[in-house]
Structures are given as C-alpha cells and as structure tokens.
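# Observations on the model geometry
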Amino acid sequence: MDFNVVRQGVCVNELIYEGSLEQAVDSDITLPDYCPDIQRILKCLIVPQVTGTQAAGGRITADGTVTIRLIYVCEQGRIHCFEQSHPFSRFTEVQDMPPETCAQVQAKTEYVNCRAVSQRRIDVHASVSLLIRAYAPRSEELIDQADGCGVQIRRSCVPVSSVQCCTQRSFTVSEVMELGRSQPQITQIITSCANVRVQDIKVIPNKILLKGELEVRTLYCSEDGNSQAEKITNCIPISQILEADGISEESRSDIQLEVACLEVTPKSDAEGDLRLLDITARICARICSYVDAQAPVVTDAYSTAYELDTERKIIRLSRLADTFSDTALCRGALEMPGAGVSAVLDLWCGGIASSTAVRDGQLAVSGTVTVCMLLVDSAGELQYQERQADYEYLRRLENSGCPITCEPVVRAGAMDYVLSGDSKVEVRIELSITASVFETVEKKVVSQISLMEDQPKQLSSSALTIYYCDAGESVWDIAVRYNTTVQAIMAENQLAEETVPEKCMLLIPSA
C-alpha cells in the first residue's frame, strides 16, 4: 500500500536558557604611596565587564573583571581617582545544551557599600549580577505532503524567518591618541567611557564587512592648578571582517555591537610629558541572520479510502517584521537640592533601563537614564550626584495583529547640559536605539498522520449527489462530508475558488 508522508524542517532560534548569577565583591583597599590621603569620598563606582563568554559541554562560562573606581577629594580639595580590578569566572550548567548555542551575558551592579576605615584605607562590599540568555537554532519538522490511499490534505503557508546564522565574535580596537596642544598634560585618569557606532555593513557569503566608529570620552586630572578636571573625546575608526558561517547576501541581519572591555592609560610622549592616551577596547559583535520563507503547514487531513488517525499540536513560528537603528533625545531638568550648582565638571551615563509596549499601532520603547554628575557647588565644594531622566521612543508598526517580541539595545551617545538656575541642571542625551521586531504566529497543525488499514470507508453507491449550499461555505468541508475530493467538486461545478461565492446547487461526484 503506497502511502507517503514528506516533512520539511524550518530552522527557528529558540531561547533555551535564561537565568542569572551573583558575583560578590569584597575588598579591603589600602591606597598606594603615590595617592594622597582621603579627605572625602565622592563616589565608589563598581564597573563590571564581561571579557569572554563560552557555551560548550553543557556549561555557560562568563569571564570578566570588576573594577573598583574610587573617586575622592584630598585635603587640598582636589579630585583624585584610584582603581583596583578583580578578575572573575562564573559558570552555570545547562542540561541538553546544543553545540550551536550562542550565549549572551550582561553584567549589572546591584549594590555598593563603601566605607572609609581611615584616610588611606577603605572597605568595599558590592554585588554584581550576571544576566545570562542562551539561544540555539532548532529545526521544527512540519508535514509538507502526504499522498497515496486517497489521502487529502489541507495546506497553508505561514511566513517565517528561518535562522541562517547565530554567532558571537569579538575583536580588539587599539590606538594611541595625542592630546591637543591646548590640553594640559595628564596626571591621572578619573573616568572613561566608550560608545560604538555602526556606519556601514556589507554581507558577503560567510562574512560581514563592518565599518564604524569608537567614541571614547575621558575625564582626567591635570597639573593645571586652576582646573579640577579636563575632558577629551577621541574617535577611532573601525574596519573589521567578521566570520559568520551560513550568512548570505539574501539574509536579513541583526547585528549588535557592545564595548565589552575598555582600558585607557596615560603614556609619555617623546618629550617625557604625559600627553598620550593608550586606548584599547574589546568589542563584542552578536550576529543573527535570517532568511524570509513560507513554512508549509498541514491544518487538516482525511482519506477517501480509509479512516485516518491524526495528531495535532500548536506550533509557534517567528517572523522578523522589522529591524531598525534610530536615535532618540532624552531631556530632563534635574533638581540638585542643597548648596546649589556653580559648575558641572563632567556627566556620563550610569545605566539605562528600557521596556517595550505596543500602543495604538506603535512600538513604544521607554525607560530611564541614570545621569552621573561631578559638580562644584556654590560653596566651591566638589559633589557627586545621580539623577534619572525619562525617555520614550515611538515607531509605527505594521498592523498584522500578531503578538510581537522586541529586545531593544539602548545606548547613550552625546551628552550636553545647561545650568538653568542655582539648583537645576537641564540635560540632553542622544540615545541610539537598535532593535529587531519579531512577530509570533501560533498555528494548530497536523503533526502525525497514520493510515488505519483495518477500517476502510464505505464507497457511495451513487455517482453524483445534489447538495444545496449557502454562500461562503468551504469546499473542503463539503468534500470531507461526502468523502470526495476538493478538486473533483471544483471541476464538476466549474468553481474558481475554494469558497462558494453564493447560494447554489452543487453536484458532488463520488470519489
């Protein structure tokens, strides 16, 4: 008995693990001899950096460093900074982890407790959380065809984005930059932060040609006694070729760049002055590429010769509906109660929280930006303050009605401020928002078809049956009822569509 079922696989990207680990930071720090005594602590910053991620052997491992950055004021009223780094390596077990798993780890500081034991010794206790998400390609095997023994199937196609490539690559950008002649030479780095921007992406088979720019902002102490701190911004061009097995020119790519590690070190020039900045950044590129396809699914089946045993299940398929990289402006009027503000030495982004929602056919990305500020109050004292500014970004969505998922990456770019009063700082922050929007389609499909050979169907004794149908009836439902085929009914009655357009009489031929 010739009965065949043909299946076709659709590759989907599946979240196989989501969890977190805690990394404790406990340190008793004694200042070295070259650092002046602590008169007042402005801020103790905990800067976690994930330098490497591995997913192999049923285990996800995250390596990195936690940098303790102590910003304080000495007895002469000048700002100083001391750093100490602690390496870490944490792992978590993941059962039945596929070999193609791609893991993403984000580090976030949960709390910091810093206490000055003496003028040269501090006690630091902090906690860093490592947020882990792991994805792996999975093949969803779907019935595409079934023929023989009078088997009839009802097929439809679901738009889907099939995974071509899902990988993670890292590369290093290094450059020695010289201070401008108008800038005083460096005595000590206070803070540094970096932002990476993609300017052009070209995809060739199995490779990505990437061009962009790394912007590094540095705040440092100088020998100029008239200034508390100096700021400098350096831009380093990026040009990289990244391996991405499986990617092609026809694919739609989701590429995210993140500065995983940043080191900024002062160096001496030919004259022996500290007028050079040695900048080294490790950049992580997360690459996912998809190809648009139509996934065939079987929603119903029967046989004109035998009874069928069918199993059904609900499948969930995703389609990449939109990818975008855009900018938004975050504005905030930040109140500084107390002694007021006479000057702002520097401000930077301490963290960005984001969430997504769909409102009135628009994707809304909203959240808060933590603004960190080094200030001089009206009494001439150095202060450190943190405030939060709200933002919202709206983008029009295609009105498909399907549930969407979106995990935007929001980063801070250029930051500016205006002192609008004795105790108010108005900030403007340019945010870059990169995201992929996926639509999720749920479909109930036939997952298994078995022929019940011991239960043949009774054939009709008449060659034709007259049936009076209503407008809008499905030819498939009529064929199932009279145990014949859709093609036979449509040919006998010269129907162009599988839905009857108006109330009429149909001739139903026997199978």
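Relevant structure appears above.
Okay, so let's go over this structure. No experiment lies behind these values; they were computed from the predicted model shown. (Residues numbered from 1 in each chain as written. Predicted model: local features only at pLDDT ≥ 70, side-chain atom pairs only at ≥ 80, totals over all residues. Heavy atoms only, no water.)

Together, Ile466, Tyr468 and Met505 make up an exposed nonpolar region whose accessible area comes to about 350 Å². Tracing the backbone through its elements, the reader meets Tyr468 in strand E20 (residues 464-469). With a relative accessible area of 61%, Tyr468 lands in the exposed category. (Patch = residues over 30% accessible without salt bridge, like charges linked within 9 Å, V, L, I, M, F, W, Y side chains within 5 Å. Areas by Shrake-Rupley, 256 points an atom, 1.4 Å probe, with all protein chains shown as cover. Salt bridge = Lys/Arg side-chain N within 4 Å of Asp/Glu carboxyl O. Helix = DSSP H or I, 4+ residues; strand = E, 2+ residues; numbered from the N terminus. Buried < 20%, exposed > 50% of the residue type's maximum accessible area, 1.4 Å probe, protein only.)

Further remarks concern helix H2 (residues 486-493). The set of residues buried in H2 consists of Val486, Ile489, Met490 and Asn493. Axial view of H2: buried residues confined to an arc of 95°, hence all on one face. Turned more than 90 degrees from where H2 packs its buried face, Gln487 and Ala491 sit exposed. Contacts made by the buried residues of H2 are with strand E12 (274-303), helix H1 (475-481) and strand E21 (504-509). (Arc of directions from axis to C-beta. Contact = heavy atoms within 4.5 Å.)

This part is about the layout of surface pockets. Counted as a void, the second largest pocket has a volume near 490 Å³. Around the second largest pocket sit 28 residues that line it, and Arg197, Val198, Ser325, Ser432 and Thr434 are the ones nearest its centre. At the level of secondary structure, the elements contributing two or more residues to the lining of the second largest pocket comprise strand E8 (186-204), strand E11 (252-268), strand E13 (306-335), strand E18 (409-421) and strand E19 (424-456). In terms of residue count, the dominant contributor to the lining of the second largest pocket is E19 (seven residues). Residues that form the lining of the second largest pocket fall into these classes: eleven nonpolar, eleven polar and six charged. (1 Å grid on protein atoms, 1.4 Å probe; cavity = no way out; pocket = protein on both sides within 12 Å on 5 of 7 lines; lining within 4 Å. Points joined across faces, edges and corners; volume = space filled by probe spheres on them. Nonpolar A, V, L, I, M, F, W, Y, C, P; charged D, E, K, R; others polar.)

Let us look at the packing of aromatic side chains. Using the criterion set out here, one finds five aromatic pairs in the structure. Geometrically, the ring pair formed by Tyr302 and Trp476 is edge-to-face, given 5.1 Å between the ring centres and 70° between the ring planes. Residue Tyr302 is found in strand E12, and its partner Trp476 is found in helix H1; the two are separated by 174 residues along the sequence. Summarising the burial analysis for this pair, Tyr302 and Trp476 share the class buried. Considering the side-chain rings of Trp348 and Tyr384, the 6.1 Å spacing of their centres and the 45° angle between planes classify their relative orientation as tilted. Of this pair, Trp348 sits in strand E14 (residues 343-359) while Tyr384 is found in strand E16 (residues 382-396), placing the two residues 36 residues apart along the sequence. (Phe/Tyr/Trp six-rings, centres within 6.5 Å; stacked < 30°, edge-to-face > 60°.)

On to the sheet that holds E12, then. Strand order across the open sheet formed by three strands is E7-E12-E11, with antiparallel pairing between neighbours. Of all the strands in the sheet, the pair left with one neighbour each is strand E7 (151-178) and E11. Put simply, the sheet's adjacent strands are angled 10° from each other on average, direction ignored. With 16 bridges connecting them, E11 and E12 associate as antiparallel partners. (Pairing = 2+ DSSP bridges. Axes fitted to C-alpha atoms, helices over the stretch in contact; angles between N-to-C directions.)

Looking now at the pairing of E19. Bridge analysis of E13 against E19 gives 29 bridges, and the strand direction is antiparallel. Bridge pairing links Ile315 to Lys443 in E19. Note: strand E17 (residues 404-406) against E19, three bridges, orientation antiparallel. When the sheet's bridge partners are listed, Ile404 is paired in E19 with Glu439. Pairing analysis gives ten bridges linking E18 to E19, with the strands arranged antiparallel. Looking at the pairing, Val409 lines up with Thr434 of E19. Following E18, the chain reverses through two residues before pairing antiparallel with E19.

Turning next to the environment of Val50. Position of Val50 relative to the elements: it lies in strand E2 (residues 40-56). Exposure remark for Val50: the relative accessible area of 14% places this residue in the buried category. With 234 residues separating them along the chain, Val50 and Cys284 place their C-alpha atoms 9.7 Å apart. Contact partners of Val50, with chain neighbours within four places excluded, come to Asp63, Gly64, Val105, Ala107, Leu130 and Ala260.

Mapping Ser161 onto the fold places it in strand E7. Given a relative accessible area of 4%, Ser161 falls into the buried group. At 2.7 Å, the side chain of Ser161 forms a polar contact with the backbone nitrogen of Leu320. With residues up to four places along the chain from it excluded, the contact list for Ser161 reads Cys11, Tyr290, Val291, Asp292, Ser318, Arg319 and Leu320. (Polar contact = N/O pair within 3.5 Å; in protein donor to acceptor, adjacent residues only side chain to side chain.)

The next point concerns the pairing of strand E15 (residues 362-376). Here E15 lies mainly inside the structure; twelve of its 15 residues are buried. The turn joining E14 and E15, which pair antiparallel and follow one another in sequence, is formed by two residues; a positive phi near 55° is taken by Asp360. Relative to E16, E15 is paired through 15 bridges, and the arrangement is antiparallel. Paired with Met373 across the two strands is Gln385, which belongs to E16.

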